[in-house]
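Each chain, letter by letter, is given below.
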Amino acid sequence: MRVLVTGGAGYIGSHTCIELLNNGYEIVVMDNYCNSSPDVLKIVETLTNKTFPIYECDMLDYDGFEKIFKENKIDAVIHFAGLKAVGESVGKPLEYYHNNLVGTINLLRLMKQYEVYQLVFSSSATVYGMNNTAPFNEDMPLSTTNPYGTTKLMIENILRDLCFADKNWKVALLRYFNPIGAHQSGLIGENPNGIPNNLMPYIMKVAVGKLPCLSVYGDDYPTPDGTGVRDYIHVCDLAAGHLKALEKLPQIDGAQAYNLGTGKGSSVLDVVHSFEKASGKKVNYQIAPRRPGDIAECYADVSKAKNDLGWQAKYGLDEMCRDSWNFIKNK
């Protein structure tokens, strides 16, 4: 089975490529490297001792995108590609709507044209909005608080409509919670360009002295230590979830959503202290005002993924922090 991985050089995409190759799948990777590097794919080839076709291409380049389908017999797609920074999306809504929606529609048009009907979509827990109470389950009402999240929800709706209109389509909507960690080799992990948007890369850069201090947004939430609680999941567990979803696609009826998380919340300070223990480094932090749109607790009900996909997370917070440190300490 040959799988097209869009955004395959990215943080989650690259780990999923390793998982696919190590389990006997053939892959074709597409990425425009706007927030990644082609060097990552060389490491994927080294770690798996396998080579694969790689296309430097933007989703908005329809002709370039079609070349991939013309030159390769694709059986299924895992769709990671897209702009993904919540804060940036608030300041650049048109860019996010244009890139994420038009790019995905281009992909779906090509899949239909070349009769590729199996898709695993990289969605997000942001689709649960601010009005649900944790743990979040897949049947809760959906809403969003930022353009990035809205693009994820709009794409989910497009895919549901597509599945309703044409029963050939089989789609898994994977709603990620908070991916952290790195490959156990220490060779690939999350290392974004510029100032990080996510907690763990920021902590890592403070620990190695590249940034002076972590801002903790709010310490007066109704949580055990007052800081926000999130469901952090090891990126390798997340990658394994994609493999399980891919295996399940032939039995899926239409579009099915699955939460990928641990089902357990950890606070910001839990992550800081666990990372300090793993690294032996002090992580300087300061308390800052709450951010608009942040909720106190966000963690998953993961029973559907366990029951339907036979998947559950294996790694805990200490292992996530250990692997993150193993990756960043040599950078």
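Use the structure listed above.
Residues numbered from 1 in each chain as written. Predicted model: local features only at pLDDT ≥ 70, side-chain atom pairs only at ≥ 80, totals over all residues. Heavy atoms only, no water.

**Looking at the overall build of the chain**
Step number 1: Secondary structure summary: the chain contains 11 helices and 14 strands in total.
Step number 2: Here the C-alpha atoms of the chain give a radius of gyration of 19 Å, agreeing with the 20 Å that 2.2 N^0.38 yields for 331 residues.
Step number 3: Considering only contacts in the chain between residues 6 or more positions apart, those separated by 24 or more positions represent 78%.
Step number 4: Split by element, the accessible area of the chain, about 14300 Å² in all, is 48% carbon and sulfur.
Step number 5: Taken as two groups, the 32 positive and 37 negative side-chain charges of the chain have centres that lie 3 Å from each other. (Helix = DSSP H or I, 4+ residues; strand = E, 2+ residues; numbered from the N terminus. Rg over C-alpha atoms; globule rule 2.2 N^0.38 Å. Contact = heavy atoms within 4.5 Å. Areas by Shrake-Rupley, 256 points an atom, 1.4 Å probe, with all protein chains shown as cover. Lys, Arg positive; Asp, Glu negative; His and termini not counted. Charge placed at Lys NZ, Arg CZ, Asp CG, Glu CD.)

**Looking at helix α6 (residues 147-165)**
Step number 1: An ideal rise of 1.5 Å per residue puts 27 Å on 19 residues; α6 measures up with 27 Å between its terminal C-alpha atoms.
Step number 2: By the burial criterion, the buried members of α6 are Pro147, Tyr148, Gly149, Thr150, Thr151, Lys152, Leu153, Ile155, Glu156, Leu159 and Cys163.
Step number 3: Lining the buried residues of α6 we find α4 (86-91), α5 (93-113), β5 (118-124), β6 (170-176) and β11 (254-260).
Step number 4: Where α6 begins, one side-chain oxygen reaches toward the backbone nitrogen of Tyr148, 3.3 Å away; that side chain belongs to Asn146. (Expected span 1.5 Å × (residues − 1). Buried < 20%, exposed > 50% of the residue type's maximum accessible area, 1.4 Å probe, protein only. Polar contact = N/O pair within 3.5 Å; in protein donor to acceptor, adjacent residues only side chain to side chain.)

**Some remarks on the sheet that holds strand β4 (residues 76-79)**
Step number 1: Read from one edge of the open sheet, seven strands run β3-β2-β1-β4-β5-β6-β11, paired in parallel fashion. Of all strands in the sheet, those bounded by a partner on one side alone are β3 (54-56) and β11. Direction aside, neighbouring strands of the sheet carry axes that sit 20° apart on average.
Step number 2: Here strand β1 (residues 2-6) runs beside strand β2 (residues 26-31); their pairing, made up of five bridges, is parallel. Paired with Val3 across the strands is Ile27, a residue of β2.
Step number 3: Contacting β5, β6 and β11, α6 crosses the sheet at an angle of about 155° to β5. (Pairing = 2+ DSSP bridges. Axes fitted to C-alpha atoms, helices over the stretch in contact; angles between N-to-C directions.)

**Quick notes on the sheet that holds strand β14 (residues 297-298)**
Picture the strands of a sheet paired through backbone hydrogen bonds; they go either parallel or antiparallel.
Step number 1: Taken together, three strands build an open sheet; the order of strands is β12-β9-β14 and the sheet is mixed. Of all strands in the sheet, those with a lone pairing partner are β12 (266-267) and β14, marking the two edges.
Step number 2: The pairing of strand β9 (residues 229-230) with β12 spans two bridges and is antiparallel. The residue of β12 that forms the bridge with Val229 is Ser267.

**Points about empty space enclosed by the protein**
Think of a ball as big as a water molecule: rolled over the atoms, this probe shows where empty space is left.
Step number 1: Tallied over the full model, the rule gives one cavity of 30 Å³ or more.
Step number 2: Quantified by volume, the largest cavity comes out at close to 50 Å³.
Step number 3: Lining of the largest cavity is provided by His79, Ala81, Gly82, Leu83, Asn100, Thr104, Phe121, Thr151, Lys152 and Ile155.
Step number 4: Among the elements that take part in the lining of the largest cavity, α6 stands out by supplying three residues, more than any other. (1 Å grid on protein atoms, 1.4 Å probe; cavity = no way out; pocket = protein on both sides within 12 Å on 5 of 7 lines; lining within 4 Å. Points joined across faces, edges and corners; volume = space filled by probe spheres on them.)

**Concerning the side chain of Arg175**
Step number 1: Assignment of secondary structure puts Arg175 in strand β6.
Step number 2: The buried category is assigned to Arg175, whose relative accessible area is 1%.
Step number 3: Within polar-contact distance, the side chain of Arg175 engages the side chain of Tyr128 at 3.0 Å.
Step number 4: Here Glu156 takes part through its side chain, which lies 2.8 Å from a polar atom of the side chain of Arg175.

**Quick look at the layout of surface pockets**
Step number 1: A volume near 150 Å³ is recorded for the second largest pocket.
Step number 2: Lining of the second largest pocket is provided by His15, Ile18, Glu19, Asn22, His183, Gln184, Cys236, Asp237, Ala239, Ala240, Lys314 and Tyr315.
Step number 3: Sorting the residues of the lining of the second largest pocket by element identifies α1 (11-22) and α8 (235-248) as the ones contributing at least two each.
Step number 4: Within the lining of the second largest pocket, the residues separate by chemical class into five nonpolar, four polar and three charged. (Nonpolar A, V, L, I, M, F, W, Y, C, P; charged D, E, K, R; others polar.)

**With respect to the pattern of salt bridges**
Step number 1: Evaluation of the coordinates by the stated rule reveals 12 salt bridges.
Step number 2: Here Glu71 makes a salt bridge to Lys67, at a shortest N to O gap of 3.4 Å. Taken together, the residues Glu71 and Lys67, both in helix α3 (residues 62-71) and four residues apart, mark about one turn of the helix.
Step number 3: We classify Glu71 as partly exposed; its relative accessible area is 45%.
Step number 4: For Arg322, the salt bridge goes to Asp323, with nearest N and O atoms at 3.0 Å.
Step number 5: A relative accessible area of 3% means that Asp323 is categorised as buried.
Step number 6: In the salt-bridge network here, residues are joined through shared partners; they are Glu156, Arg160 and Arg175. (Salt bridge = Lys/Arg side-chain N within 4 Å of Asp/Glu carboxyl O.)

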